[in-house]
Every structure is written in C-alpha cells, then in structure tokens.
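# Summary of structural features
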Amino acid sequence: MGIELDGNHWALILGGSSGFGLATAKKLSRHGMNVAVVHRDRRGSMAAIEREFEEAVLQAAADAAQVETPEPLVHARAHELIEQTLGALARQGINKETYLQITGKAEEELAHDAEPEAAAALRREAVLAAIVAAEQIEPSDEELVQALAPAAERDGSDPAELVEQLRQAHRLDTLREDVATRQALELLVSEAKPIGVE
C-alpha cells in the first residue's frame, strides 16, 4: 500500500478474526484506516482476539519506552530464539542440519536475522519487569495455587501440592516471577483503551 490514510476512513472486514481477513485488517490499520471486524464464532475466536490485543498493548508500551538493549544481550537472546526453533523442529523430527540446509543459511546468519525480534522481546520483558517493580507486584501463595490450577486439573493433581513440590525443589521463585509478569501484563492491558467503532 503506497499511501497513508488520515484516520477518517473505515473498512468493514467480514471474517476478520483470522486468516486473510485478519491479515487485511492489520495491514489497513497500520496504514491509518479505522477497521471494524465482523466474525461469527465469538467463543472460538475471542481468546485469540484477546491475545492479539494483549500483544498489541505490550508492543505499544515497549515501543514507547526508553529501553536500552545492549548488543551482546540482543545477540545472546537471538541465539536462544534459534535454539528454541531448532528444539521445536527436532521434536517434529527435523534435525538442525536439515533445517539449515532448507534455509540455506548458517546458524550464525539465522541468529543475526533474529536480532530485531530478540531486541523487541527484551524491550517487552523490560517493560513488564518495570511494572512489577513500580507496582510492587508480589503474588501470594494462593495466587500461585490459582495459577497452577488449570495445569493441575489437566494432570489430575492438586495445585497446592505442586506449589509445595516447587518450594521443596527451590523453584518457587521462578513461578512467582512468571505469575508476577502475567499480573503486570494484565494490569497494563486493563489500563489500555481500545478504540471502538463510533
């Protein structure tokens, strides 16, 4: 799209909650057009829409924040992202050598390509860490139990026992940090104002 719109234009996207409709809505929005999305399966797509909104809010906050991302840290995170990708592929039966052959790139080249994504991830994490610190978010043991409840239900276990196991394994702080980060994101999203159709 070669033009930027002034915000007075509207697009109605039918089936805009996924696939080509969602891609079109995103592209039009990026170019300044107001977008109204119509979709049929509210229950099936609301979770995805809420995730998209969370991601957009967090990215907007990260873009607006003054966050330093030292090059060595970005490079290290880029390698982590590549390792995660290679690990996921390995679980699907695709080894590293095959993947590198398909891409036609060396691992270091892939890491270099991943650096913008790595820098963005570090900025998002820094924003959430700053919110945790500023708001003094410290999840209680009860909140940790609640956070583990869905996984415990799937496994048929007791979430309180899982919390105790993590405590004994000296891994409870990691869970507490994860829950605090999630609570920071929820707080950030609750303060965001989605633009509605007028």
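In case you missed it, the structure is sitting above this.
Calculation rules
- Residues numbered from 1 in each chain as written.
- Predicted model: local features only at pLDDT ≥ 70, side-chain atom pairs only at ≥ 80, totals over all residues.
- Heavy atoms only, no water.
- Buried < 20%, exposed > 50% of the residue type's maximum accessible area, 1.4 Å probe, protein only.
- Helix = DSSP H or I, 4+ residues; strand = E, 2+ residues; numbered from the N terminus.
- Arc of directions from axis to C-beta.
- Contact = heavy atoms within 4.5 Å.
- Polar contact = N/O pair within 3.5 Å; in protein donor to acceptor, adjacent residues only side chain to side chain.
- Core = buried A, V, L, I, M, F, W, Y, C linked by side-chain atoms within 4.5 Å.
- Salt bridge = Lys/Arg side-chain N within 4 Å of Asp/Glu carboxyl O.
- 1 Å grid on protein atoms, 1.4 Å probe; cavity = no way out; pocket = protein on both sides within 12 Å on 5 of 7 lines; lining within 4 Å.
- Points joined across faces, edges and corners; volume = space filled by probe spheres on them.
- Nonpolar A, V, L, I, M, F, W, Y, C, P; charged D, E, K, R; others polar.
- Patch = residues over 30% accessible without salt bridge, like charges linked within 9 Å, V, L, I, M, F, W, Y side chains within 5 Å.
- Areas by Shrake-Rupley, 256 points an atom, 1.4 Å probe, with all protein chains shown as cover.

A separate point is helix α8 (residues 159–168). Given 3.6 residues per turn, any residue in an α-helix points the same way as the ones three and four places further on. Looking only at α8, the buried set comprises Pro-159, Val-163 and Leu-166. Taken down its axis, α8 places every buried residue within 60° of arc, on the same side. Summarising the contacts, the buried residues of α8 are in contact with α7 (141–155) and α9 (172–191). The distance from a side-chain oxygen at the start of α8 to the backbone nitrogen of Ala-160 is 2.9 Å, and the residue carrying that oxygen is Asp-158.

Let us look at the nonpolar core. Within the largest apolar cluster, 14 residues are counted, with the highest numbers of intra-cluster contacts made by Leu-58, Ile-131, Ile-137 and Ala-184. Among the secondary structure elements, those contributing two or more residues to this core are α2 (42–64), α6 (115–134) and α9. No other element matches α9, which puts five residues into this core. If near-sequence neighbours (up to four positions away) are discounted, Ala-184 is found in contact with Leu-128, Ile-131, Val-132 and Ile-137. Counting residues in hydrophobic clusters, the runner-up holds 12 residues, among them Leu-110, Ala-114, Ala-119 and Leu-122.

Attention now moves to the pattern of salt bridges. Overall, the coordinates contain nine salt bridges when judged by the stated rule. Salt-bridge contacts for Arg-167 lead to Asp-141; the nearest nitrogen and oxygen are separated by 3.0 Å. On the criterion of sequence distance, the pair formed by Arg-167 in helix α8 and Asp-141 in helix α7 is long-range, its members being 26 residues apart. Among the residues examined, Asp-141 registers a relative accessible area of 33% and is labelled partly exposed. Within the structure, one salt-bridge network assembled from shared partners comprises Asp-141, Glu-164, Arg-167 and Arg-176.

On to the side chain of Arg-77. Along the chain, Arg-77 falls in helix α3 (residues 71–91). Residues in contact with Arg-77, not counting those within four places in the same chain, are Ala-118, Ala-121, Leu-122 and Glu-125.

Quick look at the layout of surface pockets now. Space inside the second largest pocket adds up to approximately 170 Å³. Around the second largest pocket sit Arg-51, Glu-54, Glu-55, Leu-58, Leu-128, Thr-181, Arg-182 and Leu-185, which together line it. Residue assignment for the lining of the second largest pocket shows that the elements contributing at least two residues are α2 and α9. If one sorts the elements of the lining of the second largest pocket by residue count, α2 sits on top with four residues. Of the residues that constitute the lining of the second largest pocket, the class distribution is three nonpolar, one polar and four charged.

What follows deals with a nonpolar patch on the surface. A surface patch of nonpolar side chains, amounting to about 310 Å² of accessible area, comprises Leu-12, Leu-14 and Val-38. Along the chain, Val-38 falls in strand β2 (residues 34–38). In this structure Val-38 comes out as partly exposed when scored by relative accessible area, which is 38%.

Turning our attention to unusual backbone geometry. A negative phi angle characterises most non-glycine residues, just as the trans form characterises most peptide bonds. For Gln-136, which is not glycine, the phi dihedral falls at a positive 50°. In this structure, His-170 takes a positive phi of about 60° despite not being glycine. Within the secondary structure, His-170 is located in the loop between α8 and α9.

As a further point, take the environment of Trp-10. Note that Trp-10 resides in strand β1 (residues 10–14). For Trp-10, a relative accessible area of 43% corresponds to the partly exposed category. Along the sequence, Trp-10 and Val-35 sit 25 residues apart, while their C-alpha atoms lie 5.7 Å from each other.

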